[in-house]
Amino acid sequence: MRELTPDTITDAVLDQMATTPDPRMREVMASAVKHLHAFARDVNLTPAEWIKGIEFMTAVGKICTPARQECILLSDTLGLSALVNGLHDNTAVEEGTHTSLLGPFYRETTPKLAAGSQIAGTVKPGSECVLYGRVSDVKGKPLANATVSIWQTGADGLYDIQENAASVDYRGVFTTDADGIYMLRTVKPIGYSIPMDGPVGAMVRAQARHGMRPAHIHSLVGAPGYRELVTALYLRDDPHLEDDVVFGSSGDLAVDIKPNDPACPIKGLPSIRFDMRLSRESAVDKISGRVGADPSAILKPAAGAGNGHSPASAPVAS
Ligand code: BEZ
Ligand code: FE
């Protein structure tokens with residue numbers, strides 16, 4: 001029998017896992033083990049640090065509910081979600097608008113609204129604005145009847161679901177017109193802190209990071225024959241555009257609020273224009289899936305668990 005040492009253990013594990021029938025699982029797990037072992041060797045991981053990591057991962061899992069996804073938040077704050085999004089963009093057959101984080105607050109259950117509707121339940125004086133833009137293919141051909149799901153926080157920097165698991169506010173699903181235009185009324189987005197009351201927040205604080213996201217509005221766009229786009233617009237003048245705690249903001253997604261844009265289809269309000277270009281769909285889109293997930297779809301409540309989550313009965317976004 002070979003002697004197991006810190007130098008031979010990796011090969012021993014890889015040899016044992018080589019029987020994995022699924023080739024992709026074999027590849028992913030072999031690489032994960034190699035990198036995990038290399039990391040432990042690199043930092044000379046101590047037993048105390050190992051148990052601290054186990055405790056941390058346990059806390060991350062324990063705090064998850066259908067309305068709170070701390071595992072996604074951890075992935076986001078480590079830049080893994082943004083990396084996976086970028087790798088996903090690289091598989092598109094055409095270069096469209098780049099992906100940005102779906103985040104943990106997207107909801108499948110979002111009401112369909114008429115063009116021009118106000119999505120905010122509360123509109124403070126001076127905060128109202130229009131969001132509009134054109135959905136097109138990568139060459140600029142307008143896409144009619146595309147579905148555009150929009151969501152953002154309220155003026156307190158919280159998503160509806162963070163205030164009350166059953167409420168639906170600051171979100172809506174719109175359909176583009178014959179010119180590919182979507183339009184809605186909302187409130188100016190503000191920067192906000194990610195949830196800091198859990199283990200991921202403790203990690204972010206221990207790293208002396210601020211935990212802030214720059215002001216943004218999320219969108220998820222779908223049109224038959226085109227790759228689904230998960231992205232977000234970011235306000236250019238936000239002080240955290242360059243140091244988003246979850247690495248979602250990017251210069252190519254930055255926009256300005258214009259006080260009086262003559263092209264805006266709704267007059268009399270400041271407006272944001274955000275055009276989105278979709279790549280044609282390809283075979284890879286059938287297997288690679290959505291960039292992110294509704295947390296309630298990841299962790300469904302156990303029967304009788306009584307955690308207060310009650311999905312809205314509104315029409316489903318996509
Ligand atoms: C968000 O933008 O909704 C978000 C993204 C990642 C972590 C927390 C929030
Ligand atoms: Fe957000």
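### What to know about the side chain of arginine 213
Thought 1: In this fold, arginine 213 is placed in strand β6 (residues 212-213).
Thought 2: At a separation of 2.8 Å, a polar atom in the side chain of arginine 213 contacts the side chain of tyrosine 234.

### Digging into the site of ligand 1
Thought 1: Close contacts around ligand 1 come from Leu73, Asp76, Gly103, Pro104, Phe105, Tyr159, Tyr192, Ile194, Arg213, His216, His218 and Val246, and that covers them all.
Thought 2: Here an oxygen atom of ligand 1 and a side-chain polar atom of tyrosine 159 are 3.1 Å apart.
Thought 3: One of the side-chain N or O atoms of arginine 213 is found 2.6 Å from an oxygen atom in ligand 1.
Thought 4: Surface burial for ligand 1 is 100%, taken as the share of its 260 Å² of free accessible area covered by protein chains.
Thought 5: Going through the elements one at a time, α4 (70-77) and β7 (216-222) are the ones with two or more residues in the shell around ligand 1.
Thought 6: Here the residues of the shell around ligand 1 are counted per class, giving seven nonpolar, three polar and two charged.

### With respect to the sheet that holds strand β2 (residues 147-151)
Within a sheet, adjacent strands bond to each other through the backbone by hydrogen bonds, running parallel or antiparallel.
Thought 1: One open sheet holds the five strands; their spatial order is β3-β2-β7-β8-β9, and the pairing between them is mixed. Each edge of the open sheet carries a strand with a single partner, namely β3 (171-175) and β9 (254-255).
Thought 2: Bridge count for β7 against strand β8 (residues 229-235) is six bridges, and the pairing is antiparallel. Looking at β8, one finds that serine 219 is bridged to threonine 231.

### Considering the pairing of β8
Thought 1: A large share of β8 lies buried, amounting to seven of its seven residues.
Thought 2: By the alternation rule, side chains of β8 split into Leu229, Thr231, Leu233 and Leu235 and Val230, Ala232 and Tyr234, which are all buried.
Thought 3: Relative to β9, β8 runs parallel, the two sharing two bridges. Within the sheet, the bridge partner assigned to leucine 235 lies in β9 and is valine 255.

### Structural notes on unusual backbone geometry
Thought 1: Look at asparagine 145: it is not a glycine, yet its phi comes out positive at around 60°.
Thought 2: If you trace the backbone, asparagine 145 turns up in the loop between β1 (128-137) and β2.

### Some details on the pattern of salt bridges
Thought 1: Per the counting criterion, the structure on display carries nine salt bridges.
Thought 2: With a closest N to O distance of 3.2 Å, arginine 24 and glutamate 27 form a salt bridge. Taken as a pair, arginine 24 and glutamate 27 lie in helix α2 (residues 23-43) at a separation of three residues, close to a single helical turn.
Thought 3: Arginine 273 serves as the salt-bridge partner of aspartate 275, at 3.0 Å between the closest nitrogen and oxygen.
Thought 4: A residue is classified by how much of its surface remains accessible, and arginine 273, at 34% relative accessible area, is partly exposed.
Thought 5: One connected set of salt bridges, linked through shared partners, spans Arg68, Glu70 and Asp197.

### What about the packing of helix α1 (residues 9-17) against α2?
Thought 1: Where α1 meets α2, the axes come as close as 10 Å, and the angle between the chain directions of the two elements is 165°. Taken together, the axes of α1 and α2 are roughly antiparallel relative to one another. Crossing handedness for the pair α1 and α2: right-handed. Mapping the contact onto sequence places Ile9, Thr10, Val13, Leu14 and Met17 in α1 and Arg26, Met29, Ala30, Val33, Lys34, His37 and Arg41 in α2.
Thought 2: Here the contact of α1 with α2 is composed, by residue class, of seven nonpolar, two polar and three charged.

### Observations concerning the environment of phenylalanine 56
Thought 1: Mapped onto the fold, phenylalanine 56 is located in helix α3 (residues 47-62).
Thought 2: Residue class for phenylalanine 56 comes out partly exposed when judged on its relative accessible area of 24%.
Thought 3: Between the C-alpha atom of phenylalanine 56 and that of alanine 202, which follows or precedes it by 146 residues, the distance is 9.8 Å.
Thought 4: Beyond its immediate sequence surroundings of up to four residues, phenylalanine 56 is in contact with Leu74, Pro199, Val200 and Met203.

### Examining the nonpolar core
It is characteristic of soluble globular proteins that their nonpolar side chains tend to be buried jointly.
Thought 1: Ranked by size, the top nonpolar core spans 29 residues in total, and within it Leu131, Ile150 and Tyr182 carry the most contacts.
Thought 2: When residues of this core are traced back to their parent elements, those giving at least two are β1, β2, β4 (181-187), β7, β8, β9 and β12 (276-278).
Thought 3: Ranked by residue count, the leading element in this core is β8, at five residues.
Thought 4: Non-local contacts of tyrosine 182, meaning those with residues more than four positions away in its chain, are made with Leu131, Tyr132, Gly133, Arg134, Val135, Val148, Ile150, Thr176, Phe274 and Met276.

What counts and how
- Residues numbered from 1 in each chain as written.
- Chains lettered and ligands numbered in written order.
- Predicted model: local features only at pLDDT ≥ 70, side-chain atom pairs only at ≥ 80, totals over all residues.
- Heavy atoms only, no water.
- Helix = DSSP H or I, 4+ residues; strand = E, 2+ residues; numbered from the N terminus.
- Polar contact = N/O pair within 3.5 Å; in protein donor to acceptor, adjacent residues only side chain to side chain.
- Near = heavy atom within 4 Å.
- Areas by Shrake-Rupley, 256 points an atom, 1.4 Å probe, with all protein chains shown as cover.
- Nonpolar A, V, L, I, M, F, W, Y, C, P; charged D, E, K, R; others polar.
- Pairing = 2+ DSSP bridges.
- Buried < 20%, exposed > 50% of the residue type's maximum accessible area, 1.4 Å probe, protein only.
- Salt bridge = Lys/Arg side-chain N within 4 Å of Asp/Glu carboxyl O.
- Axes fitted to C-alpha atoms, helices over the stretch in contact; angles between N-to-C directions.
- Parallel < 35°, antiparallel > 145°, perpendicular 65-115°, else oblique.
- Left-handed = near helix turned anticlockwise from the far one by under 90°.
- Contact = heavy atoms within 4.5 Å.
- Core = buried A, V, L, I, M, F, W, Y, C linked by side-chain atoms within 4.5 Å.

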